[in-house]
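Structural overview
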Amino acid sequence: MYAFAEDWKLLDARQRHLVHAYAVADALGPAVALSHSSAAAVWAIDTYGLDPTLVHVTRLDGGAGRCEYGVVHHVGRIVTPEDVVEAGGRFVMRPLRCVIESAMASSIESGVVLASSAMHNDHFQQAELIEHAGMFRRWQGARHANIAYHLADGRVESPGEARSLHMFWKHAIPRPTLQFEVRRSSGLLVGRSDFAWEDFRHLGEFDGAIKYGRLNPDPSNPGAVITSEKTREDGMRDEVFGMSRWTWPDLDAERASATSRRISM
């Protein structure tokens, strides 16, 4: 199957994976359902640390598991009628199932990103995820996936914020209040912070490129959003809050320890 080069260049990583996954699903037909990270792409669930070049399908015809030509075929064990839904004329594992299976096959950090994104998009609630995951408690990877389910939070708004929750847990930083509103004594809202440690009068902000890119209300003035951010931060500091900021590279394993120490100081 082919795609027009002009269209392909306009797609981001998730959209490219989705095109590839749809091509595989169309070729294999009703014998399979898109699953794992490929189903996550269908449901617009954020992923992290998963190989975007591999398309995952679960066999519905009793076929054997294997990996060939960039397609991972999973044996369809404990697949209930509720697990498989139709989307766009193709069979796809429902969000709850694809998050659980992806989390078991990846790191705790990846699982936090998956579960948080799915909950943020209202695919399911945390209690429902934890309860359903009990069906898979004897599967390989279930133990670390269960940690991810408990760390995840639907209030986080980006993979960077979800990775931050994992960093706090791994480096023994107390779990913060999420999306904390800073108000003046009059009740006037000064700003909202990604994270807050109220007992320590400290705020935390994950600064992703998205904040300074497509979310800028004035694309012709790239500095406008930065100026707005600075004004917001100054206002929150005026309420006797300290603030730490970090970026995507600061969450990587080789820098996360130093980032955590900086937050804790």
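As a reminder, the structure under discussion sits directly above these lines.
Note that residues are indexed from 1 along each chain, following the sequence as it is written. Thresholds applied to this predicted model are a pLDDT of at least 70 for local features of residues and 80 or more for the giving and counting of side-chain atom pairs; totals over whole chains, interfaces and linings are not thresholded and use all residues. Excluding hydrogens and water, the side-chain values take into account all heavy atoms of the structure.

1. Re the side chain of S244
Note on conventions: DSSP H or I runs of at least 4 residues are helices, E runs of at least 2 residues are strands, and numbering of each starts at the N terminus. Position of S244 relative to the elements: it lies in strand 10 (residues 242–246). Here a polar contact is taken to be a pair of N or O atoms separated by no more than 3.5 Å, where protein atoms must pair a possible hydrogen donor with a possible acceptor and residues adjacent in sequence count only if both atoms sit in side chains. Within the local environment of S244, its side chain forms a polar contact with the side chain of H202, the two groups lying 2.6 Å apart.

2. Some thoughts on the nonpolar core
L34, V99, I100, M104, L129 and Y149 are the most contacted members of the largest nonpolar core, which has 39 residues in total. Looking at this core element by element, the count peaks at six residues for helix 4 (residues 95–104). We call two residues contacting when some pair of their heavy atoms lies within 4.5 Å. Sequence-distant contacts of L129, that is, excluding residues within four places in its chain, are made with L96, V99, I100, A115, F124 and Y149. For the purposes of this section, nonpolar cores are sets of buried Ala, Val, Leu, Ile, Met, Phe, Trp, Tyr and Cys residues that join through side-chain atoms within 4.5 Å. Working definition: with a 1.4 Å probe on protein chains only, accessible area under 20% of the residue-type maximum means buried, over 50% means exposed, and in between means partly exposed. Within the second largest apolar cluster, 19 residues are counted, among which are V112, F195, W246 and A256.

3. Focus: the packing of helix 4 against helix 7 (residues 142–151)
Two numbers describe how helix 4 lies on helix 7: the axes approach to 8 Å, and their chain directions differ by 120 degrees. Regarding the angle of helix 4 to helix 7, the classification is oblique. Considering only the axes of helix 4 and helix 7, their crossing is right-handed. In this structure, helix 4 uses I100, A103 and M104 to contact helix 7, whose residues at the interface are A142, H144, A145 and Y149. Of the residues in the contact of helix 4 with helix 7, the class split is six nonpolar, one polar and no charged. Between N-to-C directions, angles cover 0 to 180 degrees, with each direction set by a line fitted to C-alpha atoms, over the stretch in contact for helices. Orientation is classified from the angle alone, with under 35 degrees giving roughly parallel, over 145 giving roughly antiparallel, 65 to 115 giving roughly perpendicular, and any other angle giving oblique. Crossing handedness is defined as follows: a turn of the near helix away from the far one that is anticlockwise and smaller than a right angle gives a left-handed crossing, while the clockwise case is right-handed. In the scheme used here, Gly and all other residues not listed as nonpolar or charged are polar, with Ala, Val, Leu, Ile, Met, Phe, Trp, Tyr, Cys and Pro taken as nonpolar and Asp, Glu, Lys and Arg as charged.

4. Concerning helix 8 (residues 159–170)
Expected helix span is taken as 1.5 Å per residue step, with the number of steps being one fewer than the number of residues. Helix length check: helix 8 (12 residues) gives 16 Å between terminal C-alpha atoms against 16 Å at 1.5 Å per residue, within 8%. Burial runs high along helix 8: nine of the 12 residues are buried. When helix 8 is considered as a whole, its buried residues turn out to be G160, E161, A162, R163, S164, L165, H166, M167 and F168.

5. Topic: the sheet that holds strand 8 (residues 189–197)
Strand pairing in a sheet takes place through backbone hydrogen bonds and is either antiparallel or parallel in direction. Pairing is mixed across the open sheet formed by four strands, whose spatial order is 7-8-9-10. Edge positions in the open sheet fall to strand 7 (177–183) and strand 10, since each of these has one partner strand only. Shown here is a sheet whose adjacent strand axes are inclined to one another by a mean of 45 degrees, direction ignored. One ladder, built from five bridges, connects strand 9 (residues 202–206) with strand 10; its direction is parallel. Directly across from G204, in strand 10, lies its bridge partner S244. Along the sheet, helix 8 makes contact with strand 7, strand 8, strand 9 and strand 10, crossing strand 8 at roughly 45 degrees. At least two bridges found by DSSP between two strands is the condition for calling them paired.

6. Some thoughts on the packing of aromatic side chains
Aromatic contacts are taken between Phe, Tyr and Trp rings whose centres are within 6.5 Å, Trp giving its six-membered ring; a plane angle under 30 degrees counts as stacked, one over 60 as edge-to-face, and the others as tilted. Enumeration according to the criterion identifies seven aromatic pairs in this entry. Between Y48 and W248 the ring centres are 5.7 Å apart and the planes differ by 80 degrees, which places this aromatic pair in the edge-to-face class. Of this pair, Y48 sits in the loop between helix 3 (36–42) and strand 2 (55–59) while W248 sits in the loop between strand 10 and helix 10 (253–264); the two residues are 200 residues apart in sequence, bridging distant segments of the chain. The exposure class assigned to Y48 is partly exposed, which follows from its relative accessible area of 21%. Plain terms: the ring middles of F168 and W246 are 5.9 Å apart, the flat faces sit at 85 degrees to each other, and that makes the pair edge-to-face.

7. Observations concerning the pattern of salt bridges
Each salt bridge in this description consists of a side-chain nitrogen of Lys or Arg and a carboxyl oxygen of Asp or Glu lying within 4 Å of one another. Under the criterion given, the structure shown has 16 salt bridges. Notably, a salt bridge pairs D252 with R163, separated by 3.1 Å at the nearest N-O pair. Of the two residues, D252 sits in the loop between strand 10 and helix 10 while R163 sits in helix 8, which places them 89 residues apart along the sequence. Given a relative accessible area of 1%, R163 falls into the buried group. When the shortest N-O distance is used, the salt bridge between E181 and R183 registers 2.8 Å.

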